Amino acid sequence: MGSDLTVEVNNLYPALSFSPISLDRFFEKIFALHRHDCSGSLSVAFLDRPRHSRIHGDFLKDFRPTDVITFPADPKEEMAGEICVSVDQAIEEAANREVAFAHELSLYLIHGWLHLVGFDDKEEQDQKIMRREERKALDFVEDLGLWPDFLLAPCTEGE
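Here goes a summary of the coordinates provided. If you're wondering where the values come from, they're calculated on a predicted model, not measured in any experiment. (Residues numbered from 1 in each chain as written. Predicted model: local features only at pLDDT ≥ 70, side-chain atom pairs only at ≥ 80, totals over all residues. Heavy atoms only, no water.)

1. Section: unusual backbone geometry
Its identity is not glycine, yet Lys61 carries a phi of approximately 60°, on the positive side. Checked against the element boundaries, Lys61 lands in the loop between α2 (49-60) and β4 (68-71). The phi angle at Glu78 is positive, at roughly 55°, despite the residue not being glycine. Position of Glu78 among the secondary structure elements: in the loop between β4 and β5 (79-86). Note on Glu78: relative accessible area 58%, which makes it exposed. (Helix = DSSP H or I, 4+ residues; strand = E, 2+ residues; numbered from the N terminus. Buried < 20%, exposed > 50% of the residue type's maximum accessible area, 1.4 Å probe, protein only.)

As structure tokens, then:
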């Protein structure tokens, strides 16, 4: 990873596992796709739906479930920003869209990063640009075979 940008991961979703190396390689390539002046630490949090929705409500006054929430950089704290993703949302959407769970979760990370480097999706035209940039990043990851190795532990009775 470049010396001016690191990734700190908080996996608060007990059933999710992955290799930190696969995530570092993924982000190293994603960071290189767009010019940016981000430096410091990018915080990534993998959360369950209730915790993710609570953050959504507390900070954005919207308690509805969503897929990804980003918080902008704070240069004073040497933070490049924060990406909070809902693993439950990724599980659900992957099944609904019939895509691999690892790809859906990776899309959320890409989407969050795009927000941090200046892309927006509030207006229709901006949404089209965001979708195009997501597709380019997903194709890039696919071509390089750099999907993070996200795995979910099977649920057992009583969980």
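2. Section: the environment of Phe63
Tracing the backbone through its elements, the reader meets Phe63 in the loop between α2 and β4. The sequence separation of Phe63 and Cys84 amounts to 21 residues, and the corresponding C-alpha distance is 14 Å. Residues within four places of Phe63 in sequence aside, it is in contact with Ser53, Arg54, His56, Gly57 and Asp58. (Contact = heavy atoms within 4.5 Å.)

3. Overview of the side chain of Glu133
The topology assignment puts Glu133 in helix α5 (residues 124-144). Setting aside residues up to four positions removed in sequence, Glu133 forms contacts with His34, Leu114 and Phe119.

4. Brief notes about the environment of Ser41
Within the secondary structure, Ser41 sits in strand β3 (residues 40-47). Judged by relative accessible area, which is 7%, Ser41 ranks as buried. Sequence separation of Ser41 and Asp74 is 33 residues, and the distance between their C-alpha atoms is 9.7 Å. Those residues within four positions of Ser41 in sequence are excluded, and the remaining contacts are Thr6, Glu8, Glu78, Met79, Ala80 and Gly81.

5. Side note on the packing of aromatic side chains
Scanning all chains against the criterion turns up seven aromatic pairs. With centroids separated by 5.3 Å and ring planes inclined at 55°, the aromatic side chains of Phe18 and Phe46 adopt a geometry described as tilted. Here Phe46 lies in strand β3 and Phe18 lies in the loop between β2 (16-17) and α1 (20-31), a separation of 28 residues in the sequence. Accessibility expressed as a relative area gives 18% for Phe18, which makes it buried. The rings of Phe26, Phe27, Phe31 and Trp113 are connected pair by pair, giving a single aromatic cluster. (Phe/Tyr/Trp six-rings, centres within 6.5 Å; stacked < 30°, edge-to-face > 60°.)

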